[in-house]
Amino acid sequence: MQQARAAVRGSKQQALWLATLGFFGGFAGVAIFGPLVPKFTKLLTLSPFQAALLTAIPTATGSLLRIPFGAVVDKLGGKKPVLLLLGVTNLGVIGLITLLATQYNGVDFTLPAKKLAPQGGMGTYAMLLVLGALIGFGIAIFSVGVAQVSYWFRGNEQGTALGFFGGLGNTSPGLSTLLLPLAVGAVGIVGAYSLWLALLLAITVAYALFMHDAPWFQLRDKGLSVPAEALSELGGGDKVPAGSAMEGLRKAAKVPATWMLTFFYFLSFGGFMAFTTWLPTYWQSDLHGETLRKAAVLTAVFSLLAAFVRAGAGFLTDRISIRHALLGNVILMFFGVLALSFSLRFSYAFLATLVIAFAMGLQNAVVFKLLPGFVPGAIGGASGWIGGLGALGGFILPPTIGAVTQAVGGSTGYARGFLPVDALVLLAIPVVIYMNRKLSATTD
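Residues numbered from 1 in each chain as written. Predicted model: local features only at pLDDT ≥ 70, side-chain atom pairs only at ≥ 80, totals over all residues. Heavy atoms only, no water.

Our focus in this paragraph is the overall build of the protein chain. Counting its regular elements, the protein chain contains 19 helices and 0 strands. The C-alpha atoms of the protein chain give 21 Å as radius of gyration, which agrees with the globular expectation for 444 residues (22 Å, within 12%). Dimensions of the protein chain, computed from C-alpha atoms along their principal axes, come out at roughly 70 × 50 × 30 Å. Looking at the 444 residues of the protein chain, the share that counts as buried comes to 60%. Total accessible area on the protein chain stands at roughly 15,900 Å², and carbon and sulfur atoms take up 67% of it. With 28 positive and 14 negative side-chain charges, the protein chain shows a spacing of 4 Å between the two charge centroids. (Helix = DSSP H or I, 4+ residues; strand = E, 2+ residues; numbered from the N terminus. Rg over C-alpha atoms; globule rule 2.2 N^0.38 Å. Buried < 20%, exposed > 50% of the residue type's maximum accessible area, 1.4 Å probe, protein only. Areas by Shrake-Rupley, 256 points an atom, 1.4 Å probe, with all protein chains shown as cover. Lys, Arg positive; Asp, Glu negative; His and termini not counted. Charge placed at Lys NZ, Arg CZ, Asp CG, Glu CD.)

The terminal C-alpha atoms of helix α6 (residues 122–135), which comprises 14 residues, lie 20 Å apart, in line with the 20 Å expected from a rise of 1.5 Å per residue. Buried within α6 are the following residues: T124, Y125, L128, L129, L131, G132, A133 and I135. Buried positions along α6 lie against α3 (37–43), α4 (48–76) and α5 (79–103). (Expected span 1.5 Å × (residues − 1). Contact = heavy atoms within 4.5 Å.)

Take the environment of P376 next. By the secondary structure assignment, P376 is in the loop between α15 (346–374) and α16 (379–391). P376 sits 79 residues away from V297 along the chain, and the two C-alpha atoms are 40 Å apart.

So, on to unusual backbone geometry. Positive phi, normally seen in glycine, also occurs at T45, with a value near 50°. Looking at the element boundaries, T45 is found in the loop between α3 and α4.

For the rest of this paragraph, the subject is the packing of α4 against α6. What describes two packed helices is the angle between their axes and the distance between those same axes. The geometry of α4 relative to α6 is characterised by a closest axis approach of 7 Å and an angle of 30° between their N-to-C directions. In terms of orientation, α4 and α6 fall into the roughly parallel class. Contacts between α4 and α6 involve Q50, L53, L54, I57, P58 and T61 from the first element and M122, Y125, L128, L129, G132 and A133 from the second. Looking at the contact of α4 with α6, its residues break down into 9 nonpolar, 3 polar and no charged. (Axes fitted to C-alpha atoms, helices over the stretch in contact; angles between N-to-C directions. Parallel < 35°, antiparallel > 145°, perpendicular 65-115°, else oblique. Nonpolar A, V, L, I, M, F, W, Y, C, P; charged D, E, K, R; others polar.)

The next point concerns the environment of F269. Topologically, F269 is positioned in helix α12 (residues 256–284). When the C-alpha positions of F269 and G393 are compared, they lie 7.6 Å apart, and in sequence the two are 124 residues distant. Setting aside residues up to four positions removed in sequence, F269 forms contacts with F27, R66, N170, R310, N364 and A391.

Counted under the stated rule, the structure contains 3 salt bridges. Its salt-bridge partner being E157, residue K12 comes within 3.1 Å of it at the nearest N-O pair. Remark: E157 occurs in the loop between α7 (141–152) and α8 (158–169) and K12 occurs in helix α2 (residues 12–27); sequence separation between them is 145 residues. Residue K12 is classed as buried on the basis of its relative accessible area of 11%. The salt bridge partner of E157 is R154, with a shortest N-O separation of 3.0 Å. For E157, a relative accessible area of 22% gives the class partly exposed. Bridged by salt links that share partners, the residues K12, R154 and E157 form one connected network. (Salt bridge = Lys/Arg side-chain N within 4 Å of Asp/Glu carboxyl O.)

On to the side chain of S303. Relative to the helices and strands, S303 is located in helix α13 (residues 292–317). For S303, a relative accessible area of 0% corresponds to the buried category. A distance of 3.2 Å separates a polar side-chain atom of S303 from the backbone nitrogen of G174. The residues touching S303, leaving out its near neighbours within four places in the chain, are N170, P173, G174, F272 and T276. (Polar contact = N/O pair within 3.5 Å; in protein donor to acceptor, adjacent residues only side chain to side chain.)

As a further point, take the packing of aromatic side chains. Per the stated rule, a full pass over the model turns up 28 aromatic pairs. Centroid distance F27 to F269: 5.5 Å. Interplanar angle 20°. Geometry classified as stacked. Within this pair, whereas F27 is found in helix α2, its partner F269 is found in helix α12, the two being separated by 242 residues in sequence. An identical accessibility class is assigned to F27 and F269; each is buried. Geometrically, the ring pair formed by Y193 and W196 is stacked, given 5.9 Å between the ring centres and 25° between the ring planes. Of this pair, Y193 and W196 both sit in helix α9 (residues 171–210), 3 residues apart, which is roughly one turn of the helix. Assessed through its relative accessible area of 1%, Y193 is described here as buried. Geometry around F346 places K294 over its ring, the cationic atom sitting 4.9 Å from the centre. (Phe/Tyr/Trp six-rings, centres within 6.5 Å; stacked < 30°, edge-to-face > 60°. Lys NZ or Arg CZ within 6 Å of the ring centre and 35° of its normal.)

Grouped together as the largest cluster of nonpolar side chains are 131 residues, with contacts concentrated most on F33, Y193, F275 and Y282. In terms of residue count, α12 provides more of this core than any other element does, 16 residues in total. Ignoring sequence-local partners within four residues, the contact set of Y282 consists of L287, H288, L340, S343, A349, Y414, A415 and F418. Of all hydrophobic cores here, the second largest spans 6 residues; its members include V8, L219, L231 and L234. (Core = buried A, V, L, I, M, F, W, Y, C linked by side-chain atoms within 4.5 Å.)

What follows is the structure, encoded as structure tokens:
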């Protein structure tokens, strides 16, 4: 043990802060286009479906990559995967800045969308999709970070740690949505994204210099080992990785709770990302007609509320029973989305988004509090499935909302477009009831 103690570097608090910082930097890609989509829609003459696809494209790669990258933590630790994801994200932002500087140099993005002259340019639209996909790599940091934090903290500490990690990391899309329009107005669109790049590069360097994997991985790399129960004495958690990435995925896939939690996370976290990317378009639509800055503020309120609720809920889940939390969240989410789908007045719609944000934030914390207890031998694999397929809701839901909006037409379509989301939430209610009955002993 003395030799093991000398070999371990870093601490759980340091690891938590740096993992959160890395996730914060990468997760900002969710909002890479969101606030400015109405402008690109007018410039490129996009349909509501094409506009929704542009908002969601970073989430596509980020979500799918969460599966293999979450699983590979069990084999490689978390530092190397995160640095790879941050590196690709930096390259994507550099490419975006280059495209904007060459193709949109004369466009005043501070003007209302209706005053911008259409430019066509579907080739430019395709390039925006490609660069958005590259920037989405950073979103996959979440599943790596969940496993990374879980291996640093004991089971009775993980609710607080994961709530902090997920909650504060989740603030970056809201802050990006809020600050990007302000930066565009102050220094132009190229300058705004350049500021983002500078921050992202600084986060990447700090993570590379100071992050350390959990004690088990450090000891393994130095040819040392200690019993699992002794890891906590070295400042780490009390879980040992399953082994290979594929083994972790297979082992997690055999547990029914993995797929139930994935569905719940699809609704709460996928929904959180979908609403964060689509709400700027919703608030600026003909239904409400808000300015870019006000739409950004309204969306940021939604996104930040969900993020802070998630952080606070993580603390509570270490101290109270959460057996019935999922059912309450799903019911609350159902009525919130239903109200939004039929609210044509601004005040009612805004209140509905607050209800939805609260329910989604709380459920995001509950899902990952349940994860280590349900799949203790394959946390990385399970976080890959849940984080990847669950977050895929952030890619699937916006185009679905956009397609329904386009089909209904008119200003009312922007409200009715949320109905498919509510239908999925309704389907989750019997799944939650089944899970409570079959797995209640495990959740407590």
